[in-house]
Amino acid sequence: MNPMAIFTWGASLMVAPHTLALLGNVAGAQQLFFPVCLAVAAAFYWINALSMADLSTLGPTRPSDAVELMIAGLSWTSRWIVTIMLSTVLLVTAGFAFNETFIYWFPNFAFAFVLLGVLALVHLLGQKAVRWTQTALSVIVLSGLSVLLAMGVWRYMGAPPAVVQKPMAALPSSMAGVALIFIGFDLVLDHGCCSRSKQAGKLMIGCITIMAFVLGAWGWASLQAVPAEKLSVSYIPHIIAARNIGGNAGRMIMAAIVIAGSAAAVNALLSSVSRPGFLSADRPLTLRPLWMRRLERPASRIIIAALVIGWMMAGGVAGTEIIDSYVRAGLLVWLLFYAAIHIALLSHGLPVRRKSPVIWPGWLRPVAGATAMTGSSVALLVTDPEMASMGGLILIVLLPVTAALWAKGRWFTASDSERNPAEPRPFRLNR
Amino acid sequence: MKNWIILIGMIVMIGMAGSISDASDDRIAKEELLETMDEPNLVVIDVRTGRDWRSSEFKIRGAIRADMSEFDKWAAQLPKDKRYVTYCA
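Please read all numbers here as calculations on a predicted model, not as lab measurements.

(A) Broad picture of the overall build of chain A. Scanning chain A for helices and strands turns up 16 helices and 0 strands. The proportion of buried residues among the 431 residues of chain A is 55%. Within chain A, residue pairs in contact and separated by at least 24 positions form 86% of the contacts whose partners lie at least 6 positions apart.

Printed below as a string of structure tokens:
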């Protein structure tokens, strides 16, 4: 088990600027209820992690092909949409942070392109370079956050808690936002080794738990440093909080966190789309055409992703209003992917957990998880003013991706009759 | 190696296409603008939109916001006796 994977991969999206901004908004809206809501969200993500770990240990029996296709389709759709849209946003954000904080004469878009080129090059250099880069970026982010937290605790320890200015009006609408904070914890599986359930589960739960404390502490510090109303509506609450906590030094530290956090998130997302499909079964593949084999190479995927992201940045898409909705669309599908994991377990049929001190039916956990994830994604969709555009984007990507996966499984994968019938078909969670 | 060269070359070309300024544009340096900020006839127009504007930590005091995609609409309505500086990044 690689514990560093908790921070370097599992937390890569949780400390990216978009999540820090979301965290600030939610903390400002929920105030005293924020720690409770964060804990509830973390609990539901523990459930997601446990179900994912359980799914990886399925033996010869496995979910049906339809369920497997649903999982694969949602996984690929979510990761590609989030990789393209969120990377575009994050790289531009990093460019602005660099230009406004460090070197004002260096064009912000030029920095964004340089960052994209460097990350793509790192991926083409191989997995070792990717891991080293991710580790370095994560160290910068976590060190910076630690320093700011220490400064915040030193400054505000003993201060009275934030007062709820409004009744619980903001609570329902912000709960769906809280559900997005821990998205990406499963990226830890990309590089955290583990093909066994206990290791996978431990890594993921460890990631969620530690980050819940870290993000909760940052939310508390933000509430102490910035008025709740301003925190809830600002697009850069994390920068304002850092500035109020540590002055210009705090501002510079947060800029470094924004740049490194953006790079780490983009690096992790590029890694997630460059690998074979999530939950890919160990099925021998029949002869495939050359173009398909080339398209499945990690380098090809990285180049395609980088070119699309570069094209979007050059086209000014990051400055449009709709990009934020498209990012939410991708995250929404990621929530549905988590729900699909639970559905897969339900379709498999879980036994009653006899070793638990409390005997509860095996279906309770996946039902709760699927309900929470599906409900959050629906809430995110219906409360967004660009609901139609989000739905359109999801369908435009999901349908062809699922069709392509089905076609690949149908025509380019050995069927059961072609395999050795005595050989079990493992359902592996990791690559 | 070939893949790297192609990728880096295309990203650089795209980046340059987006970042290279038109030499015929009239530009004003930050220091010069700062010196003339108090002029009554000077109007700064912030043309950043969406996340470009929201993610920025700094907004110029007194600047008015406008969308460059609707330049023809608002440009015609501006008084002709003032000096305008557009700001994008």
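And the narrative resumes.
(B) Looking closely at the overall build of chain B. Looking only at helices and strands, one finds 4 helices and 3 strands in chain B. Moving toward the C terminus, one meets the helices and strands of chain B in the order α-α-β-α-β-α-β. The buried share of chain B, reckoned over its 89 residues, is 27%. Relative to all contacts within chain B whose residues are 6 or more apart in sequence, the contacts with residues 24 or more apart total 50%.

(C) A look at the confidence of the model for chain A. Residue and element names in this part refer to chain A. For chain A, per-residue confidence averages 82 on the pLDDT scale, and residues scoring 70 or more make up 79% of the total. Mean pLDDT values over the elements of chain A span from 62, in helix α12 (residues 290-295), up to 94, in helix α11 (residues 237-274). Here residues 423-431 scores under 50 on pLDDT; set against residues more than four positions off or in separate chains, the count is 37 contacts.

(D) Expanded view of the nonpolar core. Grouped together as the largest cluster of nonpolar side chains are 126 residues, with contacts concentrated most on Phe-182, Phe-185, Trp-218 and Tyr-338 of chain A. By residue number, the principal contributor to this core is α11 of chain A, which donates 17 residues. Excluding residues within four positions of it along the chain, Phe-185 of chain A makes contact with Gly-10, Met-14, Tyr-45, Asn-48, Ala-49, Met-52, Met-204, Cys-207, Ile-208 and Tyr-338 of chain A. Val-47, Ala-66, Ala-75 and Leu-78 of chain B belong to the second-largest nonpolar core, a separate cluster that totals 7 residues.

(E) Quick look at the pattern of salt bridges. Scanning the model with the defined rule gives 6 salt bridges over all chains in all. Measuring nitrogen to oxygen at the nearest pair gives 2.7 Å for the salt bridge that ties Asp-54 of chain A to Arg-365 of chain A. With Asp-54 of chain A in helix α3 (residues 34-55) and Arg-365 of chain A in helix α15 (residues 364-382), this residue pair connects regions lying 311 residues apart in the sequence. Given the relative accessible area of 13%, Arg-365 of chain A is considered buried. The shortest N-O distance in the salt bridge between Arg-83 of chain B and Glu-39 of chain B comes to 3.9 Å. Within this pair, whereas Arg-83 of chain B is found in strand β3 (residues 83-87), its partner Glu-39 of chain B is found in the loop between α2 (30-35) and β1 (42-46), the two being separated by 44 residues in sequence. When its relative accessible area of 33% is taken as the criterion, Arg-83 of chain B is described as partly exposed. Of the residues examined, Glu-39 of chain B reaches a relative accessible area of 36% and is grouped as partly exposed.

(F) Representation of the interface of chain A and chain B within the structure. Chain A puts 34 residues into the contact, and the matching count from chain B is 22 residues. In total, chain A and chain B occlude about 2,600 Å² of area from one another, counting both sides; carbon and sulfur atoms represent 63% of this. For chain A, the biggest contributors to the area lost against chain B are Phe-96, Glu-100 and Leu-307 of chain A; these three give 20% of the whole. As a salt-bridge pair, Arg-48 of chain B and Glu-100 of chain A come within 3.9 Å of each other at their nearest N and O atoms. Elements that contribute at least two residues to the side of chain A that touches chain B include exactly α4 (65-101), α5 (108-125), α11 and α13 (298-314) of chain A. Considering each element in turn, the side of chain A that touches chain B owes the most residues, 10 residues, to α5 of chain A. Split by residue class, the side of chain A that touches chain B holds 22 nonpolar, 7 polar and 5 charged.

(G) Looking closely at the packing of aromatic side chains. Residues and elements named next belong to chain A. For the structure shown, the criterion picks out 11 aromatic pairs over all chains. Relative to Phe-111, the ring of Phe-98 has its centre 4.2 Å away and its plane inclined at 10°; by these criteria the two rings are stacked. Linking Phe-98 in helix α4 with Phe-111 in helix α5, this pair joins segments that are 13 residues apart in sequence. The class for Phe-98 is buried, based on a relative accessible area of 15%. Taken together, the ring pairs in this structure connect Tyr-45, Phe-182, Phe-185, Phe-337 and Tyr-338 into an aromatic cluster.

(H) Inspection of the pairing of β1 of chain B at higher detail. All names here are of chain B. Most of β1 sits out of view: 5 of its 5 residues are buried. Going residue by residue along β1, you find Leu-42, Val-44 and Asp-46 tucked away on one face and Val-43 and Ile-45 tucked away on the opposite face as well. Note that β1 and β3 share 5 bridges and pair parallel. The residue bridging Val-44 from the neighbouring strand is Val-85, located in β3. Bridge count for β1 against strand β2 (residues 64-65) is 2 bridges, and the pairing is parallel. What sits directly across from Ile-45, in β2, is Ile-64.

(I) Just the side chain of Thr-36 of chain B, in detail. Structurally, Thr-36 of chain B is set in the loop between α2 and β1. Those residues within four positions of Thr-36 of chain B in sequence are excluded, and the remaining contacts are Leu-42 and Arg-83 of chain B.

(J) View of the sheet that holds β2 of chain B. Pairing is parallel across the open sheet formed by 3 strands, whose spatial order is β2-β1-β3 (chain B). Whereas interior strands pair on both sides, the edge strands pair on one side only; in this sheet they are β2 and β3 of chain B.

(K) Region of interest: the environment of Ser-143 of chain A. Within the fold, Ser-143 of chain A resides in helix α6 (residues 127-156). Placed 114 residues apart in sequence, Ser-143 of chain A and Ile-257 of chain A show a C-alpha to C-alpha distance of 8.7 Å.

(L) Structural detail: the packing of α4 of chain A against α11 of chain A. Residues and elements named next belong to chain A. Where α4 contacts α11, the two axes come as close as 8 Å, and the packing angle between them is 155°. With respect to α11, the axis of α4 lies roughly antiparallel. Two packed elements cross with a definite hand, and for α4 against α11 that hand is left-handed. Considered class by class, the residues forming the contact of α4 with α11 number 18 nonpolar, 6 polar and 3 charged.

Cut-offs applied
- Throughout this document, residue positions are counted from 1 along each chain, in the order its sequence is written.
- Following the order in which they are written, the chains are lettered starting with A and the ligands numbered starting with 1.
- The predicted nature of this model means local features are confined to residues of pLDDT at least 70 and side-chain atom pairs, given and counted, to a pLDDT of 80 or more, with totals for whole chains, interfaces and linings taken over all residues.
- Excluding hydrogens and water, the side-chain values take into account all heavy atoms of the structure.
- Helix and strand definitions here come from DSSP, where helices need a minimum of 4 consecutive H or I residues and strands a minimum of 2 consecutive E residues; each element is numbered from the N-terminal end.
- The buried label applies to any residue whose accessible area, calculated with a 1.4 Å probe on protein chains only, is under 20% of its type's maximum; exposed applies above 50%, and partly exposed to all values in between.
- The contact definition used throughout considers only heavy atoms, calling two residues in contact when any of these lie within 4.5 Å.
- Here pLDDT means the predictor's own confidence in every residue, given as a number from 0 to 100.
- Nine residue types can take part in a nonpolar core, namely buried Ala, Val, Leu, Ile, Met, Phe, Trp, Tyr and Cys, and a core is a set of them joined through side-chain atoms within 4.5 Å.
- Salt bridges are defined by distance alone: a side-chain nitrogen of Lys or Arg within 4 Å of a carboxyl oxygen of Asp or Glu.
- Accessible area that two parts lose when put together, with a 1.4 Å probe and added across both, is what the buried area reports.
- Residues are grouped as follows: nonpolar covers Ala, Val, Leu, Ile, Met, Phe, Trp, Tyr, Cys and Pro; charged covers Asp, Glu, Lys and Arg; every other residue, Gly included, is treated as polar.
- Only the six-membered ring of Trp is used, alongside the rings of Phe and Tyr, when aromatic pairs are assigned; centres must lie within 6.5 Å, and planes under 30 degrees apart are stacked while those over 60 apart are edge-to-face, with the rest tilted.
- Strands are labelled as partners when DSSP assigns at least two bridges between them.
- Only C-alpha atoms enter the line fits that serve as axes; for helices the fit covers just the stretch in contact. Angles between N-to-C directions range over 0 to 180 degrees.
- Each angle receives one of four descriptions, namely roughly parallel if under 35 degrees, roughly antiparallel if over 145, roughly perpendicular if within 65 to 115, and oblique otherwise.
- Each crossing gets its hand from how the near helix is turned against the far one by less than a right angle, where anticlockwise is left-handed and clockwise is right-handed.

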